[in-house]
2 protein chains.
Amino acid sequence: MKDTETLYQHGTLALLVPGLFDGTITTKELLNHGDTGIGTLAGLDGEVIIVDGQAFQAGADGSVNTVNGDATMPFASVHTFDNQLPKTPLAAMTMPAFTTWLQTTAGLKNAFAGIVMTGIFNRVHVRVAPKQTKPYPPLTTATAAQPEFTRENVQGTVVGYFAPALYAGATVGGFHLHFISDDHQFAGHLLDFTVMTGEVTAQVLPNLMLHLPTDNADFMKADIELSGLNDAINEAEK
Amino acid sequence: MKDTETLYQHGTLALLVPGLFDGTITTKELLNHGDTGIGTLAGLDGEVIIVDGQAFQAGADGSVNTVNGDATMPFASVHTFDNQLPKTPLAAMTMPAFTTWLQTTAGLKNAFAGIVMTGIFNRVHVRVAPKQTKPYPPLTTATAAQPEFTRENVQGTVVGYFAPALYAGATVGGFHLHFISDDHQFAGHLLDFTVMTGEVTAQVLPNLMLHLPTDNADFMKADIELSGLNDAINEAEK
């Protein structure tokens, strides 16, 4: 039986802050732990969206590409989507209204949850992290200028997570959502949307399985400065 | 094959802060995830030490008791001890010197580690959280007055964890160590020691499996105030 109660996370947001962008898990290995999720490729190369066990990458040039099983990631989160759960219909609303509504409706507060929302959108606004080369700069430098893309009248899927504020740093506190269109032509890290109609599943995940890249020497000895950490993450992820 | 790479943690330190002392995992279930570890019983009833797959409780009256499989805990951490790992001999030293030395020697910084140290101690100083009754007070109130015990010339085992500061709140940042004497007559949360001779295993644990009590309604709706959280934890755990 599939484990639909565990959020599997490889790496942390915190390790990205000083620029630890080495890929430390293969996509193939990651997909052993879930069929739905988000991440970024080695070198902070774009935005990864995983739906139905297939990984896609939004590149900084606006392209959407399938991700090879050998491609590696410094950070990713996946879970196994529970298709037995009810899908809650959505009214037309903006992204801030959606997250506020969902948090209340699903009682999201102290536990992790996987979010999958499908819909027809009036407008979707995303950004995509641009690929970095070694020596890697800090996250705020790497993400200072990020291409943004907007698409109108698009059908697609929002995938991501809710995490309690307690885990900010280890991951993104609050919502962290990516998007991919049904035609796989448009994807990225969600900045904003207006949805016309849709439905959402908020899957409470009692377990966080956090896997750290302890075989990566740079990670083991890195100075991860906690002061200002969440400011840096929020600046990069906004 | 036993999984010797995972720190299994039930609950968080943070949930103890507002007084969520309900037992939410049985000892029997906990021991499915490891044979070595620490915790506290429902109601913040003393200090739990798990060695060789057996759980002991230090009570606030200074007694040490075996823990029944049905007894429940609000917070506990376990791992499976890897007896293939080398045991590093120890010079005579105090507890602060030990933690400083161990952190450097074992390269403890960004990853979790299970600590098991056996030795002959000149002196061991512990405290034991006193059992609370409902309605439970906040952690700082519950632990404002904690019985302390000292034993000289004692042989025993130190069990606990190193966690990176990033996870303070979810758990105790830095070292969190309990003690039990070989004769099972003296145990508690370690405040200080002077060891004469001994040996230690620091087992780096790449995985944190964090299990939250999502079936506990009080937990799901509790207000866990992040501001001052670590001050409260450090005050209670000192």
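Up top is the structure these notes are about.
Counting restarts for each chain, with residues numbered from 1 along the sequence as it is written. As a convention, the first chain written is A and the first ligand written is 1, with the rest following in written order. Local features in a predicted model are, by the rule used here, given only for residues with pLDDT of at least 70; side-chain atom pairs are given and counted only at 80 or more, and totals for whole chains, interfaces and linings are based on all residues. Water and hydrogen atoms play no part in the side-chain values, which are based on all heavy atoms of the structure.

**Student:** Would you take a moment to explain the pattern of salt bridges for this structure?
**Tutor:** Where charged atoms from two side chains of opposite charge approach closely, those side chains can pair. Every case where a carboxyl oxygen of Asp or Glu lies within 4 Å of a side-chain nitrogen of Lys or Arg is listed as a salt bridge. Inspection of the entire model under this criterion finds 9 salt bridges over all chains. Where D22 of chain A meets K134 of chain A, a salt bridge forms, and the shortest distance between an N and an O atom there is 2.9 Å. Taken together, the residues span a long stretch of sequence, with D22 of chain A in the loop between α1 (13–16) and β2 (25–26) and K134 of chain A in the loop between β11 (112–127) and α4 (139–142) at a distance of 112 residues. According to the relative accessible area criterion, D22 of chain A is partly exposed, its value standing at 22%. Residue D223 of chain B pairs with K109 of chain A through a salt bridge whose shortest N-O separation is 2.6 Å. Where helices and strands are cited, they refer to DSSP runs of H or I of at least four residues and of E of at least two residues respectively, numbered from the N terminus. In this scheme, a residue with accessible area under 20% of its type's maximum is buried, one over 50% is exposed, and one in between is partly exposed, where area comes from a 1.4 Å probe on protein chains only.

**Student:** I tried to follow the relation of the copies chain B and chain A on my own but got confused; where do I start?
**Tutor:** Applying a rotation about an axis and a shift along it to one chain copy brings it onto the other copy. Least-squares superposition of the copies uses the C-alpha atoms of those residues scoring a pLDDT of at least 70 in each of them. Rotating chain B by 180° and translating it 0.0 Å along the rotation axis places it on chain A, where the RMSD comes to 0.0 Å. Overall, the copies show the geometry of a two-fold rotation axis. When C-alpha positions in chain B are compared against the rotation axis, the closest is assigned to M209 of chain B, at 2.2 Å. We call two residues in contact when some of their heavy atoms are within 4.5 Å. Here 100% of the interface residues in chain B have copies in chain A that are interface residues too; the copies meet face to matching face.

**Student:** For this particular structure, what's the right way to read the interface of chain B and chain A?
**Tutor:** Accessible area lost on assembly of the parts is the figure often given for the size of an interface. Listed by partner, the interface residues are 29 residues for chain B and 29 residues for chain A. Buried surface at the junction of chain B and chain A, both sides included, amounts to about 2,500 Å², of which 62% is carbon and sulfur. Two N or O atoms count as a polar contact when they lie within 3.5 Å, although within protein this holds only if one can serve as hydrogen donor and the other as acceptor, and sequence-adjacent residues are included solely when both atoms are side-chain atoms. Put simply, chain B and chain A have 14 residue pairs in polar contact (both at pLDDT 80 or more) between them. Of all elements in the fold, only β15 (207–211) and α5 (217–221) of chain B reach the threshold of two or more residues within the side of chain B that touches chain A. With 5 residues, β15 of chain B is the largest single contributor of residues to the side of chain B that touches chain A. Classifying every residue of the side of chain B that touches chain A gives 19 nonpolar, 7 polar and 3 charged. Here, a strand pair is defined by DSSP locating no fewer than two bridges between the strands. Here strand β15 (residues 207–211) of chain A runs beside β15 of chain B; their pairing, made up of 5 bridges, is antiparallel. Bridge pairing in β15 of chain B places L210 of chain A opposite L208 of chain B. What gets called buried area is simply the loss in accessible area from a 1.4 Å probe that two parts show on being joined, summed for both. Classes in brief: Ala, Val, Leu, Ile, Met, Phe, Trp, Tyr, Cys and Pro nonpolar; Asp, Glu, Lys and Arg charged; the others, Gly included, polar.

**Student:** When you look at helix α3 (residues 95–105) of chain B in this model, what are you seeing that I'm missing?
**Tutor:** Residues and elements named next belong to chain B. Taken residue by residue, α3 has M95, F98, T99 and L102 as its buried positions. Projected down its long axis, α3 shows its buried positions confined to an angular sector of 95°, all on one face. Exposed and facing more than 90 degrees away from the buried side of α3 are T100 and T104. Residues of α3 that are buried in the fold lie against β9 (88–90), β10 (93–94), β11 (112–127), β13 (174–181) and β14 (187–205). G107, located one to two residues past α3, shows a positive phi value of around 65°. Think of it as the arc spanned by the lines of direction from the helix axis to the C-beta atoms.

**Student:** How should the environment of T72 of chain A be read in this particular structure?
**Tutor:** Residues and elements named next belong to chain A. In this fold, T72 is placed in strand β7 (residues 72–73). Take T72: its relative accessible area is 25%, and that puts it in the partly exposed class. Spatially, the C-alpha atoms of T72 and E152 are 32 Å apart, while their sequence positions differ by 80 residues. Once residues lying within four places of it in the same chain are set aside, the contact partners of T72 are G23, T24, I25, T26, L41 and A42.

**Student:** What is the right way to read the pairing of strand β5 (residues 54–58) of chain B from this model?
**Tutor:** For a regular strand, side-chain orientation follows a simple rule: the groups alternate between the two sheet faces. All names here are of chain B. Burial of β5 is extensive: 4 of the 5 residues sit out of reach of the surface. Here strand β4 (residues 45–51) runs beside β5; their pairing, made up of 5 bridges, is antiparallel. Among the inter-strand pairings, V48 is bridged to a residue of β5, identified as Q57. The antiparallel pairing of β4 with β5 creates a hairpin that spans 2 residues between the two strands, and D52 there sits at a positive phi of about 55°. Count of turn residues in the β5/strand β6 (residues 64–66) antiparallel hairpin: 5 residues, of which G62 carries a positive phi of about 90°.

**Student:** Hey, could you run me through the pairing of strand β12 (residues 148–163) of chain B in this one?
**Tutor:** Residues and elements named next belong to chain B. As judged from the 14 bridges shared by β11 and β12, these two strands associate in the antiparallel manner. In the strand pairing of β12, T118 is matched with T157. Sheet topology places β12 next to β13; 8 bridges connect them, and they run antiparallel. Note on β13: the bridge partner recorded for V158 is F179.

**Student:** Got a minute to help me understand the nonpolar core in this structure?
**Tutor:** One broad rule of soluble globular proteins: the nonpolar side chains tend to lie buried together. By nonpolar core is meant a set of buried Ala, Val, Leu, Ile, Met, Phe, Trp, Tyr and Cys residues that side-chain atoms within 4.5 Å join together. Membership of the largest hydrophobic core comes to 86 residues, with the highest contact counts inside it found for L16 and F112 of chain A together with L16 and F112 of chain B. Setting aside its immediate chain neighbours within four residues, L16 of chain B contacts F21, L44, P74, F75 and L139 of chain B. Counting 24 residues, the second-largest nonpolar core is a separate cluster that includes I25, V48 and I50 of chain A together with L30 of chain B.

**Student:** Which parts of the structure should I look at to understand the packing of aromatic side chains?
**Tutor:** One pair of aromatic rings is described through two measures. These are the centre distance and the angle between the planes. All names here are of chain A. Stacked, tilted and edge-to-face are the three classes assigned to paired rings of Phe, Tyr and Trp, where Trp is represented by its six-membered ring and a pair needs centres within 6.5 Å; plane angles under 30 degrees give stacked, over 60 edge-to-face, the rest tilted. Scanning all chains against the criterion turns up 16 aromatic pairs over all chains. Look at F121 and F179: their rings are 5.1 Å apart centre to centre, the planes differ by 85°, and that puts the pair in the edge-to-face class. Here F179 lies in strand β13 (residues 174–181) and F121 lies in strand β11, a separation of 58 residues in the sequence. Here F121 and F179 have matching classes, each one buried. Joined through ring pairs, the aromatic side chains of F98, W101, F121, F179, F186 and F193 make up one cluster.

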